[in-house]
Amino acid sequence: MEKYKHFTDESTGINPFTPYHGEKESSQIQQQLNNQQQSFFYQLFYYLHLILLPILIPLKIILFILFLFPYFVFSMITKILPLPNIVKKFVMRYVSVICMKFILFLFFGIFNHSQHLKEFNFNLEGNAINSKNLQKLNDGDLIICNFVSYLEIFYLVFKYSPIFTILQKTNENKIIVKSTNLFGILYHICFGQFSLQNNLQNSENLSEIIKFSKNNKLGPIIVFPEGVTSNNRSILKFQNEIFLNIEQTLQQEKINIHFIGFKYLIKNRMNPALYLNEFFKHFFKILISFELNLNIYHFYLNENDLEILKRNFVTNLIRSVVMPKVMGVVAVERGMGDRELFLKEYEGNK
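Small disclaimer: the values here were computed from a predicted structure and weren't measured.

J.: I'd like a description of the packing of aromatic side chains, backed by residues and values.
T.: Per the counting criterion, the structure on display carries 26 aromatic pairs. Ring plane angle 20° and centroid distance 5.3 Å describe the contact between F120 and Y297, whose orientation is recorded as stacked. Of this pair, F120 sits in strand β1 (residues 117-123) while Y297 sits in strand β8 (residues 293-300), and the two are 177 residues apart along the sequence. A centroid spacing of 5.2 Å and a plane angle of 65° characterise the contact between F191 and F279, whose relative ring orientation is edge-to-face. With a gap of 88 residues between them, F191 in the loop between α7 (182-190) and α8 (206-215) and F279 in helix α10 (residues 279-288) connect regions that are remote in the sequence. Members of the aromatic cluster, each reached through a chain of ring pairs, are F64, F107, Y150, F154, Y187, F191, F279, F280 and F283. Lying across the ring of Y20, R233 places its NZ or CZ 4.4 Å from the centre.

J.: Provide a residue-level description of the packing of helix α3 (residues 53-80) against α10, including the pertinent values.
T.: Where α3 contacts α10, the axes come no closer than 9 Å and their chain directions differ by 110°. Our classification of the angle between α3 and α10 gives roughly perpendicular. Seen along the crossing, α3 lies across α10 with a hand that is right-handed. Between α3 and α10, the residues in contact are L53, I57, K60, I61 and F64 and F283, F284, I286, L287 and I288, respectively. Of the residues contributing to the contact of α3 with α10, the split by class is nine nonpolar, no polar and one charged.

J.: Describe a nonpolar patch on the surface, with residues and values.
T.: The grouping of F69, F72, F74, M76, I77, I80, L81, L83, I86 and V87 at the surface amounts to a nonpolar patch, some 870 Å² of accessible area in total. Contributing elements (two or more residues each) for the nonpolar patch: α3 and α4 (85-108). Of all the elements, α3 adds the most residues to the nonpolar patch, at six residues. Here L81 shows up in the loop between α3 and α4. On the basis of relative accessible area, L81 is assigned to the partly exposed category, the value being 39%.

J.: Tell me about the sheet that holds β1, residues and numbers included.
T.: Spatially, the seven strands line up as an open sheet ordered β1-β8-β7-β2-β5-β3-β4, and their pairing is mixed. Pairing within the sheet leaves two strands with one partner each, and these edge strands are β1 and β4 (175-180). Averaged over neighbouring strand pairs, the angle between their axes works out to 25° when direction is ignored. For strand β3 (residues 163-169) and β4, the ladder comprises six bridges, and the chain directions are antiparallel. Directly across from Q168, in β4, lies its bridge partner I176. Packed on one face of the sheet, helix α13 (residues 336-348) meets β3 and β4 and runs near 65° to β3.

J.: Requested: an account of the pattern of salt bridges, with residues and values cited.
T.: Evaluated as defined, the whole model comprises seven salt bridges. A salt bridge links R319 to E333, with the shortest nitrogen-to-oxygen separation between them at 2.8 Å. Of this pair, R319 sits in helix α12 (residues 316-327) while E333 sits in the loop between β9 (330-331) and α13, placing them 14 residues apart in sequence. Within this structure, K169, E340 and K344 form a network of salt bridges that share partners.

J.: Outline the environment of K344, supporting the account with residue identities and numerical values.
T.: Here K344 is to be found in helix α13. A relative accessible area of 47% means that K344 is categorised as partly exposed.

Cut-offs applied
- Residues numbered from 1 in each chain as written.
- Predicted model: local features only at pLDDT ≥ 70, side-chain atom pairs only at ≥ 80, totals over all residues.
- Heavy atoms only, no water.
- Phe/Tyr/Trp six-rings, centres within 6.5 Å; stacked < 30°, edge-to-face > 60°.
- Helix = DSSP H or I, 4+ residues; strand = E, 2+ residues; numbered from the N terminus.
- Lys NZ or Arg CZ within 6 Å of the ring centre and 35° of its normal.
- Axes fitted to C-alpha atoms, helices over the stretch in contact; angles between N-to-C directions.
- Parallel < 35°, antiparallel > 145°, perpendicular 65-115°, else oblique.
- Left-handed = near helix turned anticlockwise from the far one by under 90°.
- Contact = heavy atoms within 4.5 Å.
- Nonpolar A, V, L, I, M, F, W, Y, C, P; charged D, E, K, R; others polar.
- Patch = residues over 30% accessible without salt bridge, like charges linked within 9 Å, V, L, I, M, F, W, Y side chains within 5 Å.
- Areas by Shrake-Rupley, 256 points an atom, 1.4 Å probe, with all protein chains shown as cover.
- Salt bridge = Lys/Arg side-chain N within 4 Å of Asp/Glu carboxyl O.
- Buried < 20%, exposed > 50% of the residue type's maximum accessible area, 1.4 Å probe, protein only.
- Pairing = 2+ DSSP bridges.

Right under this line is the structure:
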């Protein structure tokens with residue numbers, strides 16, 4: 001979109017905020033070849049999906065609520081009952097695996113779950129590594145992810161049962177951080193991140209969140225340093241001020257650090273990234289989609305990398321070189337402030 005050209009990142013030529021529906025097919029011949037590669041059963045399921053859409057849409061909504069409801073109930077029960085933390089953790093871990101597995105299957109597994117949700121393991125040199133003997137994540141450990149949509153949140157709960165964090169800019173242009181649960185992060189992604197007002201009642205220190213989680217056995221901590229979502233083409237500028245003076249805590253508490261990259265594959269011009277303030281329209285498109293594809297890239301640090309990062313917590317090289325090289329995206333220097341200005345202009349032009 002030419003009228004939003006001034007939001008384009010100068011170094012890459014990529015606009016991380018404008019509507020993006022993937023690259024167009026290079027030719028009709030290429031499209032025919034792609035169609036020929038699809039199996040008979042794939043096409044059969046696809047046409048059945050189109051025919052049954054009027055039934056599938058309400059059915060998916062009902063199943064989604066049914067799968068999410070037990071998680072909500074058990075999270076309330078474990079908060080109310082004076083149970084030992086280890087018991088609460090065990091119960092919620094069990095519930096998370098069951099409920100989130102069904103939700104992931106609902107969105108990604110109608111045709112072939114294993115093909116649509118893929119995990120890859122890499123080191124910081126960008127080389128693929130074996131999945132055996134990888135570092136185990138414990139309570140209080142730090143997981144740093146790029147920010148794309150609400151769908152990957154269900155994967156993170158299924159995999160780790162973590163604490164989530166929210167970033168928001170104050171009226172004084174300071175970035176504050178707040179810990180939250182599954183429902184808090186979902187609300188923030190779908191609505192809160194598009195608000196121009198600071199809705200966080202009070203801020204926390206990331207070091208305090210790490211210590212609290214470790215002491216109370218609450219699981220690892222998910223941080224989205226971009227603060228807001230982008231259009232699935234790039235990794236936005238990290239808000240590194242949230243990591244200030246964190247080194248001492250990382251060393252004292254013996255915290256592991258892990259990076260995860262999410263990249264959705266766009267098919268039939270359906271981009272699963274939620275980067276505009278259009279949640280209900282976006283969710284409807286998710287419901288009618290036949291095929292969603294998410295690649296999940298795990299970046300593991302060896303002992304030497306981990307010790308260096310604990311002494312000097314700098315993520316620029318990982319964000320700008322390692323993750324783009326592996327994921328097929330670019331690192332841009334646009335960030336939260338630029339996205340806020342873009343949304344003001346975009347909403348005003350509707």
